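Spelled out from the first residue to the last, the chains are:
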Amino acid sequence: MSVINYIVISTQALSSIFFIGATGYFLKLGSRELQVLARINVSIFTPALLFSKISRSLGRETLYDLWLIPILYLVLGSAGLEWTRLGGRFFGLTDAFRRLCSVAVYFSNVNTILIPIIEGIAASPDSRFLLRDRDDTPQKMADRAIAYGMIIGIMNNLLRWSVGVAIMTPPKSADSCPATSRESSADTPSPSFEGFACGIQTTVDEHTSLLAEEAAWTSSSAVPSSTASEHVRLVCTRIWYAVRQCLTPPLCAVVVALLVVLVPPLQHALLQHGSYTYCVWMAIDTCGQACIPATLLALGAQLAIKRSLEPQSGQGISTTERYVSERDQNRGIVLVVLGRFVVVPLCCCIILLSIHRFAPWLVPLLRADPMLFLTLAIVSATPPAVNLLTVAQSVKMYEGESARILSYSYAIGMFVLSVEVSVFLYLASLLSSGA
């Protein structure tokens, strides 16, 4: 295949994202419409998509072979954090603003971008070199790739509201900084949802209550509690708030799907054609097909809302009195864009190609299925997670700057991804040919 073929496949795969997302952007849906769409998507469509793809495309042996994905996720995240640390010092960014850039680089938009790209690639007649064997089909190929991405989505979801908030939270010595009038606006629930696999539809009020509970727990640990039961209650409350952030319908759907995969008789009974259980599975799969269009419409509309939150030219508006000049904001955008679209993808390709070349016995699936390499490479190059703004709201810092980072990252990312997906397809063709 020529370079033109790879470019055609990548641009066709990304065109659906652009057109549907642009439709949502220009529709200018209001907050109420977005909240209704998010509730339906997160509660029904997204769990249905996750359950149907994972339960049909993965087997127990394949699941065991995917041990590399969590490790690779942590390694790439560490590389992104180190990049923002060194780059932030080079650009002279403040420690607090550098933390925001670190979260933007660490947590990517996994499935909102990944799934349409994968389905577009699978639909192209020129992508047959990605088939695993003669019995493979484009539909099976797409389902496997989406299932691979779900594992990263799970980790993204679990760590965003723990590690992500911890990175963004300022040191205790800075907690006494007074807040501006914009702080009150951060307490208002915002339609900041990601609406895709393992996304959390969390409002700022929930995070505020969580922080309040943690403060109560901390203060109670300094003063002896009147009763042991009161102390146990506070500890249990803190644990419950931490667990509740993860117990979303998408995550529960993933857990149930993995249980089905780990029990082959149950998986066989569920997918047996002609049975009533298969009719139930087909109903779930039909609901899941509505997930991506609804998600992309919401993503476009949400980016339009976030753009309205951007600081005006020459201003450094934050949810605290920490001033960020326009020059530093631009440097932070460059830092995030280079980290998400250059540094992390480069590290990912180097690691995967090295394993394929020098230690294929570590991950046999990497050599057997070129879609594993392609999926991990695409995920490493996606823009920051849209929930970056919600994380900023939860710690009452840099709401406007987060919106600006997201707007520029997605505007640039649509063009950069076209080139990078073409490169990833070329590398995947080399791997599939045994080069």
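To start, this report covers the structure provided alongside it. (Residues numbered from 1 in each chain as written. Predicted model: local features only at pLDDT ≥ 70, side-chain atom pairs only at ≥ 80, totals over all residues. Heavy atoms only, no water.)

Some points on the overall build of the protein
Here comes step 1: Along its length, the protein carries 19 helices and zero strands.
Here comes step 2: Relative to all contacts within the protein whose residues are 6 or more apart in sequence, the contacts with residues 24 or more apart total 85%.
Here comes step 3: Counting every atom, the protein has about 18,800 Å² of accessible surface; 66% of that belongs to carbon and sulfur. (Helix = DSSP H or I, 4+ residues; strand = E, 2+ residues; numbered from the N terminus. Contact = heavy atoms within 4.5 Å. Areas by Shrake-Rupley, 256 points an atom, 1.4 Å probe, with all protein chains shown as cover.)

Details of the packing of aromatic side chains
Here comes step 1: Going through the model one piece at a time under the given rule, you end up with seven aromatic pairs.
Here comes step 2: Both rings, one in Phe-18 and one in Phe-19, keep their centres 5.6 Å apart while their planes meet at 70°; by these two values the pair is edge-to-face.
Here comes step 3: Owing to a relative accessible area of 48%, Phe-18 belongs among the partly exposed residues under this scheme.
Here comes step 4: With a centroid separation of 5.5 Å and an interplanar angle of 65°, the aromatic rings of Phe-90 and Phe-91 are classed as edge-to-face. (Phe/Tyr/Trp six-rings, centres within 6.5 Å; stacked < 30°, edge-to-face > 60°. Buried < 20%, exposed > 50% of the residue type's maximum accessible area, 1.4 Å probe, protein only.)

What about the side chain of Gln-267?
Here comes step 1: Structurally, Gln-267 can be placed in helix 12 (residues 264–270).
Here comes step 2: With sequence-adjacent residues up to four places away left out, Gln-267 is seen in contact with Ser-55, Leu-58, Val-260 and Val-261.

Considering the packing of helix 2 (residues 31–57) against helix 13 (residues 276–288)
Here comes step 1: Here helix 2 crosses helix 13 at 125°, and the two axes come no closer than 7 Å. Taken together, helix 2 and helix 13 sit at an angle that is classed as oblique. Relative to helix 13, the crossing made by helix 2 is left-handed. Of helix 13, the residues touching helix 2 (which contributes Phe-45, Ala-48, Leu-49, Phe-51, Ser-52, Ser-55 and Arg-56) are Trp-281, Ile-284, Asp-285, Cys-287 and Gly-288.
Here comes step 2: In the contact of helix 2 with helix 13, the residues fall into seven nonpolar, three polar and two charged. (Axes fitted to C-alpha atoms, helices over the stretch in contact; angles between N-to-C directions. Parallel < 35°, antiparallel > 145°, perpendicular 65-115°, else oblique. Left-handed = near helix turned anticlockwise from the far one by under 90°. Nonpolar A, V, L, I, M, F, W, Y, C, P; charged D, E, K, R; others polar.)

Some points on helix 13
The α-helix advances 3.6 residues per turn, and as a result positions three or four apart in sequence lie on the same side.
Here comes step 1: Between its first and last C-alpha, helix 13 extends 19 Å over 13 residues, near the 18 Å set by a 1.5 Å rise per residue.
Here comes step 2: When helix 13 is considered as a whole, its buried residues turn out to be Tyr-278, Trp-281, Asp-285 and Gly-288. Seen along its axis, helix 13 keeps its buried residues to an arc of 70°; they face one direction. (Expected span 1.5 Å × (residues − 1). Arc of directions from axis to C-beta.)

What to know about the environment of Met-397
Here comes step 1: For Met-397, the location among the structural elements is in the loop between helix 18 (388–394) and helix 19 (399–432).
Here comes step 2: By relative accessible area, which is 1% here, Met-397 ends up buried.
Here comes step 3: As for Met-397 and Ala-96, which are separated by 301 residues in sequence, their C-alpha atoms are 8.8 Å apart.

A closer look at the environment of Leu-159
Here comes step 1: Mapped onto the secondary structure, Leu-159 falls in helix 7 (residues 138–168).
Here comes step 2: Spatially, the C-alpha atom of Leu-159 lies 10.0 Å from that of Tyr-106, the residues being 53 residues apart in sequence.
Here comes step 3: Not counting residues up to four positions away in its chain, the partners in contact with Leu-159 are Tyr-73, Leu-74, Tyr-106, Phe-107 and Gly-164.

Observations regarding the nonpolar core
Here comes step 1: Counting 113 residues, the largest nonpolar core has Ile-117, Ile-121, Leu-130, Leu-372, Ile-378 and Leu-425 as its most contacted members.
Here comes step 2: With 15 residues, helix 7 is the single largest residue contributor to this core.
Here comes step 3: With residues up to four places along the chain from it excluded, the contact list for Ile-121 reads Ile-9, Ala-13, Ser-127, Leu-130, Leu-374, Ile-378, Val-421 and Leu-425. (Core = buried A, V, L, I, M, F, W, Y, C linked by side-chain atoms within 4.5 Å.)

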